[in-house]
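Chain by chain, the residues run as shown.
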Amino acid sequence: MTTPTSTRSAAVIGAGQTGVTAALGLLDAGFEVTLYSDRDQRALRDDVPATGTALEFGETQQAEAALGLDTYTARAPRHTGLSVRIAGPQREELIQFDGHFEGYAGVAVDTRLKADERLTAFRERGGRFVVEQITPESLDAIAAAADLTLVATGRGGLSDLFPVDESRSPYTAPQRSLLTVTVTGLGHDESVFAHRSRAGGAHSGFSILADQGEGWWGPYLHKDAGPSWAFLGWARPGSEWEKRFGTADSAESALRVVRDLYRDHIDWDLPEVLAAEVIADDPHSWLKGAVRPVVRAGAGHTAGGHPVASLGDTSAAYDPIAGQGAQSGLIQAQRLVAAAAVHDGPFDAEWITRQYQAFLAARGDAANRVTRLFLGDPEFADIGGNLFAAAAVDPRFASALVGLLHRPAPFQRVDSLDTAGQFITEVTGEDAAALLASFEPAGRFSRSTFTGSLTATT
Ligand SMILES: Cc1cc2nc3c(=O)[nH]c(=O)nc-3n(C[C@H](O)[C@H](O)[C@H](O)COP(=O)(O)OP(=O)(O)OC[C@H]3O[C@@H](n4cnc5c(N)ncnc54)[C@H](O)[C@@H]3O)c2cc1C
């Protein structure tokens, strides 16, 4: 006769893409899982904007594949590289490069679609879905009853249960104001953004204006419209762009702001931007706001002393400039599920903290540093200057630099101009100083001559 083994129970709070991914992973690992959400499934899909663009790359897709989940690489338009242009404070057109993603592709999938599809699978496989806004008080009872409790309520929600890790959180305020809008009207073939890359619409396009902020366009999979494009803009505090972003109050006005921005400041990409059209059926296809980059503790305690684990944006909020937030949360979810599946003992604060430290060492700390590099943090200004110049000179280094968005770990050991030089030399085989000496300002970026727009399909 076999002895019945008791099933362990898990509670997951928050049904954003990170919480749902962890809930489904734990269910498939044999846990009895209850997922709590302040919104029902339809509202999660249709009544809110996507939390962010959620562009993710190979390392994150591997984590999703390890959980047996769809990575969307067969359904979403693929990013095969990133084209970068940098203009100086006087609008000098300084740096341009087109970095190819070597051995992986990026996909940006509507977080509402991903959460919805994974939630459907979770419910079909026997997961319990409870629609309830969880409070610190109700969390206490939930954590008392479950063997393992994960809190994935995003940046707000219950995040105050997890103290801010000051040593990992150097910013006291957001570093940018953000504006994003998802659009149709543009295809993904070679004719789109052809002035930036021979890959055309398979590469996303990033423009950095030293005095104002940054603008990015990339292929996207929208929950209803399917293959589409996302714009994401960053405005420096106090900049003129920040005022413009503040005026957006609908998808239409957001797109108007973006068109005017490109007309006045980033004319090299203007024809594509003018071809873009709002997604009329989705009033939530835009978003504005700001994120203060913050890292919190991995373990928290409820009032009754029960340990709970932070997950996703509840653990760490990233400025999206290096696309690390969704990636971090999904990798963290996969690691937690894998560790929980083979753990025999209690899921106490010590276990939770150990998992979190391992996650920070493997991904989180490097993701934060790469975010600070792309934010132009003064600590990395000189290093960044050399790395971006090296990318302009050598396509191999351009690939390595944009590869940090996929796997930020190589940047962990770059902490001086010397180690930046070593990084350049390791990738290119060239002496870094000699390579940098051959850098010349771009002079004038080529301008788009795009004339097509996507013909409406029936
Ligand atoms: C403009 C922008 C662009 C971005 N671009 C990228 C990118 O390109 N790449 C990338 O990797 N990341 C990006 N990110 C970050 C990424 O979008 C987020 O990290 C990710 O979507 C967070 O998912 P989450 O599930 O952790 O949190 P959320 O999506 O915030 O989900 C939390 C859920 O919990 C629910 N909830 C809250 N409180 C409670 C409660 N008390 N009880 C029950 N439920 C509750 C909420 O309603 C929500 O459904 C971007 C972010 C922004 C803002």
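Quick caveat: nothing in here was measured; it's all calculated off a predicted structure.

### What about the overall build of the protein?
- In terms of helices and strands, the protein carries 14 helices and 18 strands.
- Taking 23 Å as the expected radius of gyration for a compact globule of 458 residues, we find that the protein reaches 22 Å, a close match to that expectation.
- Along the three orthogonal principal directions, the C-alpha set of the protein runs to about 75 × 55 × 45 Å.
- Counted over contacts in the protein with a minimum sequence separation of 6, partners at least 24 positions apart contribute 75%.
- Accessible surface, the protein: about 18,200 Å² in total, of which carbon and sulfur atoms supply 50%.
- Seen as two clouds, the 39 positive and the 58 negative side-chain charges of the protein have centres 2 Å apart.

### Some thoughts on the pattern of salt bridges
- Applying the stated rule across the entire model yields 33 salt bridges.
- Residue Arg75 pairs with Glu117 through a salt bridge whose shortest N-O separation is 2.9 Å. Note that Arg75 is positioned in the loop between α3 (58-66) and β4 (81-87) and Glu117 in helix α4 (residues 111-124), a separation of 42 residues in sequence.
- The exposure class of Glu117 is partly exposed, given its relative accessible area of 30%.

### Focus on the domain arrangement of the protein
- According to the domain assignment, the protein consists of domain 1 (9-51 + 111-171 + 293-372) and domain 2 (73-108 + 175-290 + 377-458).
- For domain 1 versus domain 2, the separation of C-alpha centres amounts to 29 Å.
- Here domain 1 packs against domain 2, burying approximately 2,400 Å² in sum over the two surfaces, 52% of which is carbon and sulfur.
- Counting across the domain 1 and domain 2 interface gives 6 salt bridges.
- Across the pair Asp224 and Arg45 runs a salt bridge whose closest N-O atoms are separated by 3.1 Å.
- If you look at where domain 1 meets domain 2, you find 16 residue pairs in polar contact (both at pLDDT 80 or more).
- Here the side of domain 1 that touches domain 2 takes 7 residues from helix α10 (residues 349-374), the largest share from any one element.
- Residues that form the side of domain 1 that touches domain 2 fall into these classes: 11 nonpolar, 4 polar and 11 charged.

### Re helix α12 (residues 395-403)
- For α12, the tally of buried residues reaches 7 of 9 residues, placing the bulk of the element in the interior.
- Every buried residue of α12 is listed here: Phe397, Ala398, Ser399, Ala400, Leu401, Val402 and Gly403.
- Lining the buried residues of α12 we find β4, β5 (93-100), α10, α11 (381-393) and α13 (417-428).

### Some details on the packing of helix α1 (residues 17-28) against α4
- Put simply, α1 and α4 touch, their axes get as near as 9 Å, and they point 25 degrees apart. The angle between α1 and α4 places the two elements in the roughly parallel class. In this structure, the crossing between α1 and α4 has a hand that is left-handed. Residues Gln17, Val20, Thr21, Ala23, Leu24 and Leu27 of α1 lie in contact with α4, whose contacting residues are Thr111, Lys114, Ala115, Arg118, Leu119, Ala121 and Phe122.

### Details of unusual backbone geometry
- One non-glycine residue with positive phi stands out, namely Tyr72, at about 70 degrees.
- You can see Tyr72 is positioned in the loop between α3 and β4.
- Backbone geometry at Arg91 places phi at a positive 70 degrees, although glycine is not the residue there.
- In this structure, Arg91 sits in the loop between β4 and β5.

### Regarding the packing of aromatic side chains
- Using the criterion set out here, one finds 16 aromatic pairs in the structure.
- Here the aromatic rings of Trp217 and Tyr262 are separated by 6.3 Å at their centres, their planes lie at 75 degrees, and the arrangement is edge-to-face. Placement of Trp217 in strand β11 (residues 213-222) and of Tyr262 in helix α7 (residues 251-265) is noted, with a sequence separation of 45 residues between them.
- Residue classification places Tyr262 among the buried residues on the basis of a relative accessible area of 0%.
- With 5.2 Å between their ring centres and 75 degrees between their planes, Phe397 and Phe423 make a pair best called edge-to-face. On the criterion of sequence distance, the pair formed by Phe397 in helix α12 and Phe423 in helix α13 is long-range, its members being 26 residues apart. Accessibility assignment for this pair places Phe397 and Phe423 in one class, buried.
- Here the aromatic residues Phe31, Phe347 and Trp351 are joined through ring pairs into a cluster of three or more.
- Positioned above the aromatic ring of Phe411, the side-chain terminus of Arg369 is 5.0 Å from the ring centre.

Reading guide: rules and limits
Along each chain, residue indices are assigned from 1 in the same order as the chain's sequence is written. Confidence filtering applies because this is a predicted model: local features only for residues at pLDDT of at least 70, side-chain atom pairs given and counted only at 80 or more, and all residues used for totals across whole chains, interfaces and linings. To obtain the side-chain values, all non-hydrogen atoms of the structure were included, while hydrogens and water were left out. Each helix corresponds to a stretch of at least 4 residues labelled H or I by DSSP, and each strand to a stretch of at least 2 residues labelled E; elements are numbered beginning at the N terminus. Each radius of gyration reported is based on C-alpha atoms, and the globular scaling rule is 2.2 Å times the count of residues to the power 0.38. Any two residues having at least one pair of non-hydrogen atoms within 4.5 Å are treated as being in contact. Note on areas: these come from Shrake-Rupley sampling with a 1.4 Å probe, and a residue is covered only by the protein chains present in the view. Residues scored as charged are limited to Lys and Arg (positive) and Asp and Glu (negative), so that His and the chain ends carry no count. By convention, the point assigned to a charge is CZ for Arg, NZ for Lys, CD for Glu and CG for Asp. Any Lys or Arg side-chain nitrogen found within 4 Å of a carboxyl oxygen on Asp or Glu counts as a salt bridge. Each residue's exposure class comes from its accessible area (1.4 Å probe, protein chains only) as a fraction of the maximum for that residue type: buried when under 20%, exposed when over 50%, partly exposed otherwise. Where each domain starts and ends follows an automatic or database-derived domain assignment. Accessible area, probed at 1.4 Å, shrinks when two parts are joined; the buried area is that loss added up over both. Within 3.5 Å is the distance limit for a polar contact, defined as a pair of N or O atoms, with the added protein rule that one can donate a hydrogen and the other accept it, and that residues adjacent in sequence qualify only through two side-chain atoms. Put simply, Ala, Val, Leu, Ile, Met, Phe, Trp, Tyr, Cys and Pro go in the nonpolar bin, Asp, Glu, Lys and Arg in the charged bin, and everything else, Gly too, in the polar bin. Inter-axis angles, ranging from 0 to 180 degrees, are taken between N-to-C directions of lines fitted to C-alpha atoms, where helices are fitted over the stretch in contact. Working rule for angles: under 35 degrees goes down as roughly parallel, over 145 as roughly antiparallel, 65 to 115 as roughly perpendicular, anything else as oblique. We call a crossing left-handed when the near helix sits turned anticlockwise from the far one by less than a right angle, and right-handed when that turn is clockwise. Side-chain rings of Phe, Tyr and Trp (the six-membered ring for Trp) are treated as a pair once their centres are within 6.5 Å; stacked means planes under 30 degrees apart, edge-to-face means over 60, and tilted covers the remaining angles. Either the NZ atom of lysine or the CZ atom of arginine qualifies as a charge over a ring when it sits within 6 Å of the ring centre and within 35 degrees of the ring normal.

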